[in-house]
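Below, each chain spelled out in residue letters.
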Amino acid sequence: MNRSIHDPRLCIVGAGRLSTERIYPYVGAAGAQIVGVCDLDPEKAGRNARRFGGRPYGDVEGMLAEEKPDGVVICVGPEVHATLAKQALKLGYPVYTEKPPALSSADALDVARAAQKAGLLCTTAFKKRYTHAYTRAKQWIEQRPAEDLLSLSFDYCSAAYDNKPPRTLLSDFGIHVIDLTHYLFGDVDSVFAFTKHHHAYAVSLRFANGAVGTLNFNDGRSFAIPTEEVEISARDGCFMTVHNSSAWRITEKNHPSEWREPPIFTSLGDSGRETGHLAEIEDFVAALREGRSTSRSDIYESYKTMVLYEAIKGASETGTVVKVHYEAL
């Protein structure tokens, strides 16, 4: 795995609807080649192998032993992300998994430690880290001292969830913004939250740098017409707003300084760069080429996301302030 890799060869585990629409089509565009497709449903594996390349398989270990790829992409249900990731890492393969990385922070930390022990990359597909808008927001935030950051707020809403684990409003939908929260403003110190029957959440945050934040989630709206509004405030009349994960406005010292509004609508995922789907695969492919064991969304970052998710969930269920604690690798 330390050799120079020009066109990485990937095996993909899972051939369901989402991966077929948002993962497989971007692999070639990212500069990689699909050599194996594995799914418990042989019809799905065969279909995707015919459409996107590679040979179909019914078991993961058999596929990896036969193809010996440069990396493994895991796009199945979250209940097996951690198990399959550790299996691939133990066999010596870098891994990309769909979000969330595991069902619990403890399981995510186990994967992070397995990746560290193997010296291999394990990255999680938290696509919003890779969008143009949040890449720009991260750059803007990092231009100023942490003590100048004041607040971060998200309004992020979806259509109705039945909230049957593991697919709940908080774990399946809200997890994207939970991940962005510490990506943008750093580690969180403490959390308080209210919920209405797990269909709406009002969350208050205090960051380790002293800034504060609010998160509003509910499932009373629509997937087709998205609600994704972000406000970032710093000292001295400096602030940034993000709309629909693609448009933004920046004000510096009370004067408008930057504006962007692309002619797209991202709710249906019609751009791999605006939504992050292509950009996250490009990062994984680049890491394989460069021999990197870290990425913008590597497994330890994802572990922190799961810690914050559990803190929000716990605070909403107990009605108490929850201190956030991250374990070291």
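Owing to the predicted nature of the structure, the values given are computational and were not obtained by experimental measurement.

Enquirer: What's the story with the overall build of the protein in this structure? I'm lost.
Expert: The secondary structure content of the protein amounts to eleven helices and 15 strands. Expected size for 329 residues packed as a compact globule is a radius of gyration near 20 Å; at 20 Å, the protein falls within 12% of this value. Principal axes of the C-alpha set define a box for the protein whose edges measure 60 × 45 × 35 Å. Across the 329 residues in the protein, those meeting the buried criterion constitute 53%. Here the analysis covers contacts within the protein between residues at least 6 apart in sequence; of these, 66% occur between residues at least 24 apart. When the accessible surface of the protein is totalled, it reaches about 14400 Å², and 52% of it is carbon and sulfur. Looking at charge distribution, the protein has the averaged site of its 37 positive side-chain charges lying 1 Å from that of its 42 negative ones.

Enquirer: Where do I start with the layout of surface pockets in this structure?
Expert: Unfilled space is identified by rolling a water-sized probe across the atoms. Of the volumes computed, that of the largest pocket is approximately 1300 Å³. Lining of the largest pocket is provided by 47 residues; of these, Arg17, Leu18, Lys99, Lys127 and Asp172 occupy positions nearest its centre. Among the secondary structure elements, those contributing two or more residues to the lining of the largest pocket are α1 (17–22), β7 (149–157), α8 (169–173), β11 (227–234) and α10 (277–290). With five residues, α1 is the single largest residue contributor to the lining of the largest pocket. In the lining of the largest pocket, the residues fall into 16 nonpolar, 17 polar and 14 charged. Space inside the second largest pocket adds up to approximately 250 Å³. Lining the second largest pocket are 15 residues; nearest its centre among them are Pro165, Thr168, Ser171, Tyr309 and Lys313. Listed by contribution, the elements that provide at least two residues to the lining of the second largest pocket are α8 and α11 (299–318). Sorting elements by how many residues they give to the lining of the second largest pocket places α11 first, with four residues.

Enquirer: Where do I start with empty space enclosed by the protein in this structure?
Expert: This model, assessed by the stated rule, comprises one cavity of 30 Å³ or more. Put simply, the largest cavity is a space of about 30 Å³. In terms of lining residues, the largest cavity is bounded by Tyr96, Thr123, Thr124, Ala125, Tyr130, Glu280, Asp283, Phe284 and Ser295. Within the residue set of the lining of the largest cavity, elements represented by two or more residues are β6 (122–125) and α10.

Enquirer: Is there a simple way to explain the nonpolar core in this structure?
Expert: Proteins that are soluble and globular tend to have nonpolar side chains buried together. Ranked by size, the top nonpolar core spans 76 residues in total, and within it Phe154, Leu184, Phe185, Val191, Phe217, Ile232 and Ile312 carry the most contacts. The greatest single-element share of this core, amounting to ten residues, is contributed by α11. Apart from the residues within four sequence positions on either side, Ile232 is in contact with Ala137, Trp140, Ile141, Ser151, Leu152, Phe185, Cys238, Phe239 and Met240. Among the nonpolar cores identified, the runner-up in size contains 24 residues, and Tyr24, Val73, Tyr96 and Val285 belong to it.

Enquirer: Looking at this structure, I do not really get unusual backbone geometry. What am I missing?
Expert: What is expected of a backbone is that most residues other than glycine have negative phi and most peptide bonds are trans. The omega torsion across Lys99 and Pro100 is -15°, close enough to zero to call that bond cis. Mapped onto the fold, Pro100 is located in the loop between β5 (95–98) and α6 (105–118). Although it is not a glycine, Asn244 sits at a positive phi angle of roughly 55°. Of note, Asn244 is situated in the loop between β12 (238–243) and β13 (247–252). Positive phi, normally seen in glycine, also occurs at Ser245, with a value near 60°. Along the chain, the position of Ser245 falls in the loop between β12 and β13.

Cut-offs applied
- Each residue is numbered by its place in its chain's sequence as written, counting from 1.
- Reporting of local features is limited, given that this is a predicted model, to residues whose pLDDT is at least 70; pairs of side-chain atoms are given and counted only at 80 or more, and all residues count toward the totals for whole chains, interfaces and linings.
- The side-chain values count all of the structure's non-hydrogen atoms but skip hydrogen atoms and water molecules.
- By definition, any uninterrupted DSSP run of H or I lasting at least four residues is a helix, any uninterrupted run of E lasting at least two residues is a strand, and each is numbered from the N terminus.
- Atoms considered for the radius of gyration are the C-alpha atoms alone. The globule rule reads 2.2 Å times the number of residues to the power 0.38.
- Relative accessible area decides the class of each residue, using a 1.4 Å probe on protein chains only: under 20% of the type maximum gives buried, over 50% gives exposed, and in between gives partly exposed.
- Residue contacts are counted whenever heavy atoms from the two residues lie within 4.5 Å of one another.
- With residues, only the protein chains shown are counted as cover, and all accessible areas are computed by Shrake-Rupley using a 1.4 Å probe.
- Two residue types count as positive, namely Lys and Arg, and two as negative, namely Asp and Glu; His and chain ends fall outside the count.
- Here the site of a charge means atom NZ of a Lys, CZ of an Arg, CG of an Asp or CD of a Glu.
- Buriedness for pockets is judged along seven lines, at least five of which must meet protein on both sides within 12 Å for an open set on the 1 Å grid over protein atoms alone, while cavities are sets there where a 1.4 Å probe fits but cannot get out, and lining residues have an atom within 4 Å of a point.
- Grid points are joined across faces, edges and corners, and a volume is the space filled by probe spheres set on the points.
- Only Asp, Glu, Lys and Arg are considered charged in this grouping, and only Ala, Val, Leu, Ile, Met, Phe, Trp, Tyr, Cys and Pro are considered nonpolar; every other residue, Gly among them, is considered polar.
- Only buried residues count toward a nonpolar core. Its members are Ala, Val, Leu, Ile, Met, Phe, Trp, Tyr and Cys residues joined through side-chain atoms within 4.5 Å.

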